[in-house]
Amino acid sequence: MTAHPAAKLTSDVTICDDPSDIDKMIRIPGGTFRMGSDRHYPEEAPAHRVTVDGFWMDRYPVTNRQFRNS
């Protein structure tokens, strides 16, 4: 992963320091997946197929400080 010049890399998470970059979002495509389990914890059952629509997500996480100052 290549970090944006206005971002710093902390472990595997990129934190954006430039407020103008906060508005840049990426499209996450929808899809179908198997959710839950029939073999582990009872509250995870029953395993079933779930379909989610695509959605937009911020490219970088927003810190508590950035959220508070917005």
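Every value quoted in this text rests on a predicted model; they were computed, and no experiment measured them.

Asker: Honestly, the pattern of salt bridges in this entry has me stumped. Any pointers?
Answerer: Once the charged atoms of two side chains with opposite charge are near each other, the side chains can pair. Counting across every chain of the model gives 1 salt bridge. When the shortest N-O distance is used, the salt bridge between Asp38 and Arg34 registers 3.9 Å. An identical accessibility class is assigned to Asp38 and Arg34; each is exposed.

Asker: Please clarify how a nonpolar patch on the surface should be interpreted in this entry.
Answerer: Taken together, the side chains of Phe33, Met35 and Val52 make up a nonpolar region of the molecular surface, amounting to roughly 250 Å² of accessible area. Following the sequence through the fold, Met35 ends up in strand β4 (residues 31–35). For Met35, a relative accessible area of 41% corresponds to the partly exposed category.

The rules behind the values
- Residues numbered from 1 in each chain as written.
- Predicted model: local features only at pLDDT ≥ 70, side-chain atom pairs only at ≥ 80, totals over all residues.
- Heavy atoms only, no water.
- Salt bridge = Lys/Arg side-chain N within 4 Å of Asp/Glu carboxyl O.
- Buried < 20%, exposed > 50% of the residue type's maximum accessible area, 1.4 Å probe, protein only.
- Patch = residues over 30% accessible without salt bridge, like charges linked within 9 Å, V, L, I, M, F, W, Y side chains within 5 Å.
- Areas by Shrake-Rupley, 256 points an atom, 1.4 Å probe, with all protein chains shown as cover.
- Helix = DSSP H or I, 4+ residues; strand = E, 2+ residues; numbered from the N terminus.

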